[in-house]
Amino acid sequence: MRFGLAAKLTLFMGGAMALVAVTMALTVSLYMQKSLEREHHLRCLSSAAHLVRHIRAPLITNDLYSLYEYFQDTVQQDLFYSVMLLDGSGKVLMHNDLLEIGKIHEDPFSRHALQTEKPLFSDIFWTEDGLLVDDVFVPIVVADIRLGTLRLGHSHAEIEKTVGDSRKQIVLVGIAAILASLLLANFLASVIARPIRSLTDATKRVALGDLNLSVDVRKGDELGILARSFNAMTRELRRTTVSHDSLQNIFNSASDAIRTINLENDIVMSNRAMTDLLNGQGKCIQGKCYQLIHAPICDTADCVLKRIAGGEKYVQLETAIELHDGRKKVVRLTATPLLENDRIAGVIESIQDITDQKAAEKESQNLQNQLVQAQKMESVGRLAGGVAHDFNNILSVIIGYSELGLATVPKGDPLSEKLRIIEDAAQKAAALVRQLLAFSRKQVLEMTVLNVNEVVTNMMKMLGRVIGEDIRLELSSLRATRKIIGDHSQLVQVLMNLAVNARDAMPNGGRLIIETADVDLDEDYARLYSYVQPGPYVLLSVTDTGIGMSREVMKNIFEPFFTTKGPEAGTGLGLSTVYGTVKQHGGHIHVYSEPDRGTTFKIYLPATDKEKGERAATKALRGRQGSETILVVEDEHVLRQLLADILRPMGYKIHLAANGREALELFNTIQGPLDVLLTDVMMPEMDGRELARRIMDMHPATKVIFMSGYAQSIIMQNDSTLEQCYFIPKPITPSVLDAKLRQVLGESTAS
Ligand SMILES: Nc1ncnc2c1ncn2[C@@H]1O[C@H](COP(=O)(O)OP(=O)(O)OP(=O)(O)O)[C@@H](O)[C@H]1O
Ligand SMILES: [Mg+2]
């Protein structure tokens with residue numbers, strides 16, 4: 001049980017007062033008893049002295065009768081209940097009760113008293129008759145001779161009664177005093193406790209947030225001072241609470257999420273933006289949920305709290321957090337010390353949600369990378385294309401003259417074998433150049449409407465041979481229904497290159513899975529990959545379960561001459577040609593690879609709604625000896641010479657010009673119609689296309705054949721005036737030129 005202050009004060013003060021009252025009562029009763037006894041003793045002694053004076057004479061004369069008389073008188077006076085005279089041995093010489101005479105009193109006190117010269121009182125004792133008494137021994141001395149000792153039995157009853165009565169009164173007075181003390185104490189306690197109680201009540205209300213109160217100040221004592229201090233405190237609290245509220249408002253209006261954390265990891269304060277950022281996890285915010293933001297770094301050297309406690313003045317870091325609903329966010333966290341009296345008491349943290357910013361940065365970095373990659377591929381492609389163009393001219397000369405030489409050297413001549421070796425080597429070089437041209441997207445394509453599934457299934461046998469028996473070829477998911485426009489042989493080449501790479505990646509066997517599907521690439525996808533046009537596509541994917549690639553390798557695989565296979569094993573042109581071919585088809589290629597797991601190449605080719613058509617038949621009109629007039633325009637001297645050397649023996653009438661201007665001048669001097677203009681495209685001064693337009697203007701019947709290492713589509717560039725022109729790819733060989741001329745002139749003859 002708990003007592004209030006008033007009860008305690010009452011008990012304490014009442015107890016103290018009662019103790020004083022009881023002590024006083026006891027003291028008074030003791031004092032009374034003592035003084036009564038003293039008074040009785042004095043009375044006893046004076047009565048005894050009186051008696052001694054009267055009995056001295058009868059004692060000397062041994063007048064026993066008188067003695068007896070005196071004794072009787074004395075007993076009747078009520079003060080003494082017995083009177084006796086003892087001799088030195090304690091023997092009773094005379095007694096008011098004659099039957100007692102002759103008895104001997106030998107108790108120690110009597111013996112002591114019989115020897116003592118002063119009157120002595122015995123202790124109080126009970127007589128056999130049930131009386132409370134104390135006896136007085138008085139010596140009787142006459143002329144220094146002790147005649148005997150008078151023993152007077154003195155009843156104590158009267159004293160006891162008087163003392164008992166006065167004790168009863170004292171007890172009554174004591175009880176009254178205790179009650180009065182308690183009442184007084186209670187009154188005093190309530191007087192003292194009342195202001196304290198009202199202060200306590202006021203404190204409780206302040207604790208509950210009621211700051212608009214003050215307590216009465218009526219006194220100048222300590223309680224008054226306390227009340228005044230209390231009122232001053234609430235006034236100050238009111239003032240600081242207003243600024244606390246405005247601080248909280250400012251705190252809440254900050255767009256950054258801010259909070260303070262003490263050194264025990266408790267979040268002490270946090271603003272509204274923090275609640276919003278943490279998705280309204282209010283409960284958590286005011287509790288020990290510091291882990292939420294800090295879980296990933298709490299146990300590392302990055303722990304903000306540890307760093308600030310360790311003396312750092314400013315910490316900024318970016319970290320990922322996961323909210324309770326599973327969403328992930330990237331935040332930038334800035335922390336500074338929270339100081340109290342110049343000592344670090346915790347951390348002030350400001351947290352910015354940079355998830356969107358990071359995503360945008362990533363996207364822009366991605367696009368930037370794509371752009372850089374595309375520009376790199378573009379410039380490497382231009383370089384490769386330029387080299388290939390020049391090589392084509394050189395190879396045309398080598399192959400052309402080897403072929404011409406072979407045609408003129410008789411069979412069995414040792415020179416013919418050498419010429420064949422030269423031609424073979426040149427053909428290999430031409431194949432490489434073709435690959436480079438494919439990469440630089442300048443190869444000659446023969447586009448038709450194709451069903452990719454058919455292209456793949458037709459290659460089954462060939463692919464099986466390429467990959468060998470240890471690798472299983474899986475073609476079960478050819479789901480594409482759409483068609484594409486493409487060059488059949490180039491697509492075959494693409495698949496072969498991918499299959500060969502897959503085989504090389506699976507030296508211990510594995511699976512090669514080729515799949516097709518219709519896919520629609522939407523705007524979102526196009527935004528992700530800047531070079532993609534949204535629309536319907538056919539996806540051709542080639543997956544192997546081989547060694548896969550590291551990121552570093554993956555970055556470079558489409559570059560010409562990049563290989564990890566060593567000089568003998570690979571040229572590094574396989575994927576470059578695949579890349580170029582796919583790009584030239586208006587498609588794009590992605591690679592996904594994981595070391596030791598495998599690789600998937602995904603090729604997206606634009607779908608067409610055109611129906612499948614047959615390739616324009618190229619009729620080979622062999623055995624026709626020419627007689628027509630051909631104007632050959634080629635800026636490369638050796639090549640011009642080669643063309644003349646090829647065409648003249650065939651019977652054509654040849655005119656040679658080194659450029660467009662020269663060709664026009666020559667055209668005006670030619671006798672008779674010009675049947676064929678055989679011209680290079682890229683020439684200084686006037687290029688082949690301009691020359692062709694002018695000549696066709698003057699003489700529409702002239703057939704134009706362009707010669708170029710670049711693709712036909714690039715040369716023609718959708719120019720309708722050039723639609724009926726022909727095209728022959730470089731490097732030019734006599735047989736191909738022959739066939740082309742036969743086609744062109746044969747058609748014209750036929751028409
Ligand atoms: N399926 C694949 N698995 C693992 N790595 C591959 C795969 N395809 C290509 N690569 C890597 O890409 C590199 C370039 O391939 P690319 O086909 O261009 O050249 P290559 O195969 O080395 O030589 P080649 O000119 O004979 O094709 C390879 O050397 C290889 O490191
Ligand atoms: Mg390869």
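What counts, and at which threshold
- Throughout this document, residue positions are counted from 1 along each chain, in the order its sequence is written.
- Note on labels: chains are lettered from A, ligands numbered from 1, in written order.
- Residues qualify for local features only when their pLDDT is at least 70, as the model is predicted, and side-chain atom pairs are given and counted only at 80 or more; totals for whole chains, interfaces and linings, by contrast, use all residues.
- Calculation of side-chain values draws on the structure's entire complement of heavy atoms; hydrogens and water are dropped beforehand.
- Residues enter a patch when their relative accessible area is above 30% and they make no salt bridge; the linking distance is 9 Å between like charges and 5 Å between nonpolar side chains (Val, Leu, Ile, Met, Phe, Trp, Tyr).
- Throughout, the Shrake-Rupley method with a 1.4 Å probe supplies accessible areas, and for residues the shown protein chains are the sole cover considered.
- Between Lys or Arg on one side and Asp or Glu on the other, a salt bridge is scored when a side-chain nitrogen of the former is within 4 Å of a carboxyl oxygen of the latter.
- The secondary structure listing takes helices from DSSP runs of H or I that are at least 4 residues long and strands from runs of E that are at least 2 residues long, numbered from the N terminus.
- The classification of residues rests on relative accessible area computed with a 1.4 Å probe and restricted to protein chains. Under 20% of the type maximum is buried, over 50% is exposed, and intermediate values are partly exposed.
- Whether a residue is near a molecule or strand is decided by its heavy atoms; if any one of them lies within 4 Å of it, the residue is near.
- Identification of polar contacts relies on pairs of N or O atoms within 3.5 Å, with a donor-acceptor requirement for protein atoms, meaning one able to donate a hydrogen and the other able to accept it, and with residues adjacent in sequence counted only if both atoms are side-chain atoms.
- By this definition, two strands are paired if DSSP reports at least two bridges between them.
- Between N-to-C directions, angles cover 0 to 180 degrees, with each direction set by a line fitted to C-alpha atoms, over the stretch in contact for helices.
- Two residues form a contact once any of their heavy atoms are found within 4.5 Å.
- Here a pair means two rings of Phe, Tyr or Trp (six-membered ring of Trp) with centres within 6.5 Å. Their orientation is stacked below 30 degrees between planes, edge-to-face above 60, and tilted elsewhere.
- The set of buried Ala, Val, Leu, Ile, Met, Phe, Trp, Tyr and Cys residues whose side-chain atoms join them within 4.5 Å is what this entry labels a nonpolar core.
- Where each domain begins and ends follows an automated or database-derived domain assignment.
- Helix span is expected to be 1.5 Å times the residue number reduced by one.
- We define the bend at each residue as the angle formed by axes fitted to the 7 residues ending at it and the 7 residues starting at it.
- pLDDT is a per-residue confidence score from the predictor, ranging from 0 to 100.

### Focus: a nonpolar patch on the surface
Turning to step 1, where the next piece is worked out: A cluster of nonpolar side chains, namely Leu184, Phe187, Leu188, Val191 and Ile192, defines an oily patch on the protein surface of about 400 Å² accessible area.
Turning to step 2, where the next piece is worked out: Inspection of the secondary structure puts Ile192 in helix H4 (residues 157-207).
Turning to step 3, where the next piece is worked out: The exposure class assigned to Ile192 is partly exposed, which follows from its relative accessible area of 37%.

### Here we look at the site of ligand 1
Turning to step 1, where the next piece is worked out: By nearness alone, 19 residues border ligand 1, and Asp544, Thr563, Thr564, Lys565 and Thr571 come closest of all.
Turning to step 2, where the next piece is worked out: In the environment of ligand 1, an oxygen atom lies 2.5 Å from a nitrogen or oxygen atom belonging to the side chain of Thr563.
Turning to step 3, where the next piece is worked out: In the model, a nitrogen atom of ligand 1 is placed 3.5 Å from a nitrogen or oxygen of the Thr599 side chain.
Turning to step 4, where the next piece is worked out: Protein contact buries 92% of the 600 Å² of open area that ligand 1 shows by itself.
Turning to step 5, where the next piece is worked out: Broken down by secondary-structure element, the contributors of at least two residues to the shell around ligand 1 are helix H14 (488-505), helix H18 (574-584) and strand S18 (598-608).

### Considering the sheet that holds strand S11 (residues 343-353)
Turning to step 1, where the next piece is worked out: Read across the open sheet, the five strands follow the order S8-S7-S11-S10-S9; overall the sheet is antiparallel. Each having just a single partner strand, strand S8 (267-270) and strand S9 (315-322) make up the two edges of the open sheet. Going across the sheet, the axis of each strand differs from the next one's by a mean of 30°, ignoring polarity.
Turning to step 2, where the next piece is worked out: Across ten bridges, the pairing between strand S10 (residues 328-340) and S11 is antiparallel. By the bridge assignment, Thr334 is partnered in S11 with Ser350.
Turning to step 3, where the next piece is worked out: In the packing of helix H10 (residues 355-408) onto the sheet, contacts are made with S9, S10 and S11, and the angle to S10 comes to roughly 130°.

### Here we look at the packing of aromatic side chains
Turning to step 1, where the next piece is worked out: The final tally for this structure, using the stated rule, is three aromatic pairs.
Turning to step 2, where the next piece is worked out: Note on Tyr537 and Tyr604: the rings are 6.4 Å apart at their centroids and 85° apart in plane angle, and the pair reads as edge-to-face. Within this pair, whereas Tyr537 is found in strand S16 (residues 535-544), its partner Tyr604 is found in strand S18, the two being separated by 67 residues in sequence.
Turning to step 3, where the next piece is worked out: Its relative accessible area of 4% is what places Tyr537 among the buried residues.
Turning to step 4, where the next piece is worked out: A centroid spacing of 5.3 Å and a plane angle of 35° characterise the contact between Phe558 and Tyr579, whose relative ring orientation is tilted.

### Topic: the nonpolar core
Considering soluble globular proteins, one finds that nonpolar side chains tend to be buried as a cluster.
Turning to step 1, where the next piece is worked out: With 52 residues, the main nonpolar core has Phe601 and Ile603 as its most contacted residues.
Turning to step 2, where the next piece is worked out: Top contributing element to this core by residue count: H14, with eight residues.
Turning to step 3, where the next piece is worked out: Counting the residues that make up this core, at least three belong to each of domain 3 (366-424) and domain 4 (447-608).
Turning to step 4, where the next piece is worked out: Not counting chain neighbours up to four residues away, the residues in contact with Phe601 comprise Leu498, Leu540, Ser541, Val542, Met549, Ile557, Phe558, Leu575, Ile589, His590 and Val591.
Turning to step 5, where the next piece is worked out: Leu643, Leu678, Met707 and Tyr726 belong to the second largest nonpolar core, which has 23 residues in total.

### Some details on H4
What sets the pattern is the α-helix's 3.6 residues per turn: residues three or four places apart point alike.
Turning to step 1, where the next piece is worked out: In this model H4 runs 71 Å from its N-terminal to its C-terminal C-alpha over 51 residues, within 8% of the 75 Å that 1.5 Å per residue would give.
Turning to step 2, where the next piece is worked out: The axis of H4 is deflected most strongly, by about 35°, at Ala193, and proline Pro195 appears within four residues downstream.
Turning to step 3, where the next piece is worked out: When H4 is considered as a whole, its buried residues turn out to be Ile159, Val163, Ser166, Ile170, Gly174, Ser181, Ala185, Ala189, Ala193, Leu199, Ala202 and Val206.
Turning to step 4, where the next piece is worked out: A positive backbone phi angle near 105° is found at Gly209, which sits one or two residues after H4.

### Details of the confidence of the model for the protein
Turning to step 1, where the next piece is worked out: Model confidence for the protein is summarised by a mean pLDDT of 83, while 91% of its residues fall at 70 or above.
Turning to step 2, where the next piece is worked out: Within the protein, the element-level pLDDT minimum falls on helix H7 (residues 282-285), averaging 44, and the maximum on S16, averaging 95.
Turning to step 3, where the next piece is worked out: Here residues 614-624 scores under 50 on pLDDT; set against residues more than four positions off or in separate chains, the count is 13 contacts.

### Considering the sheet that holds strand S21 (residues 676-680)
Turning to step 1, where the next piece is worked out: Here we have five strands laid out as an open sheet, ordered S20-S19-S21-S22-S23, and parallel in their pairing. Both edges of this open sheet fall to strand S20 (653-657) and strand S23 (726-729), since each of them pairs with a single strand only. Mean inter-strand twist for the sheet, computed between neighbouring axes without regard to direction, equals 20°.
Turning to step 2, where the next piece is worked out: Of the strand pairs in this sheet, S21 and strand S22 (residues 703-708) are connected by five bridges, and their pairing is parallel. For Val676, the partnering residue across the bridge sits in S22 and is Lys703.
Turning to step 3, where the next piece is worked out: Relative to the sheet, helix H19 (residues 637-647) contacts strand S19 (629-633), S20, S21 and S22, its axis offset from that of S20 by approximately 175°.
Turning to step 4, where the next piece is worked out: The strands touched by helix H20 (residues 660-669) within the sheet are S19 and S20, with S20 carrying the most contacts at an inclination of about 140°.

### A few points about the side chain of Thr334
Turning to step 1, where the next piece is worked out: Structurally, Thr334 is set in strand S10.
Turning to step 2, where the next piece is worked out: With relative accessibility at 15%, the residue Thr334 sits in the buried group.
Turning to step 3, where the next piece is worked out: Within the structure, Thr334 has its side chain in polar contact with the side chain of Gln316 (distance 3.1 Å).

### Here's the deal with the pattern of salt bridges
Turning to step 1, where the next piece is worked out: Evaluated as defined, the whole model comprises 24 salt bridges.
Turning to step 2, where the next piece is worked out: Residue Arg332 is joined to Glu318 by a salt bridge in which the shortest nitrogen-to-oxygen separation is 3.4 Å. Of this pair, Arg332 sits in strand S10 while Glu318 is found in strand S9, placing the two residues 14 residues apart along the sequence.
Turning to step 3, where the next piece is worked out: Among the residues examined, Arg332 registers a relative accessible area of 18% and is labelled buried.
Turning to step 4, where the next piece is worked out: Between Arg511 and Glu474 there is a salt bridge, with the nearest N and O atoms lying 2.7 Å from each other. Within this pair, whereas Arg511 is found in strand S15 (residues 510-521), its partner Glu474 is found in strand S13 (residues 471-478), the two being separated by 37 residues in sequence.
Turning to step 5, where the next piece is worked out: According to the relative accessible area criterion, Arg511 is partly exposed, its value standing at 34%.
Turning to step 6, where the next piece is worked out: The class for Glu474 is buried, based on a relative accessible area of 16%.
Turning to step 7, where the next piece is worked out: When salt bridges with common partners are traced through the structure, they connect Glu318, Arg332, Lys358 and Glu361 into a single cluster.

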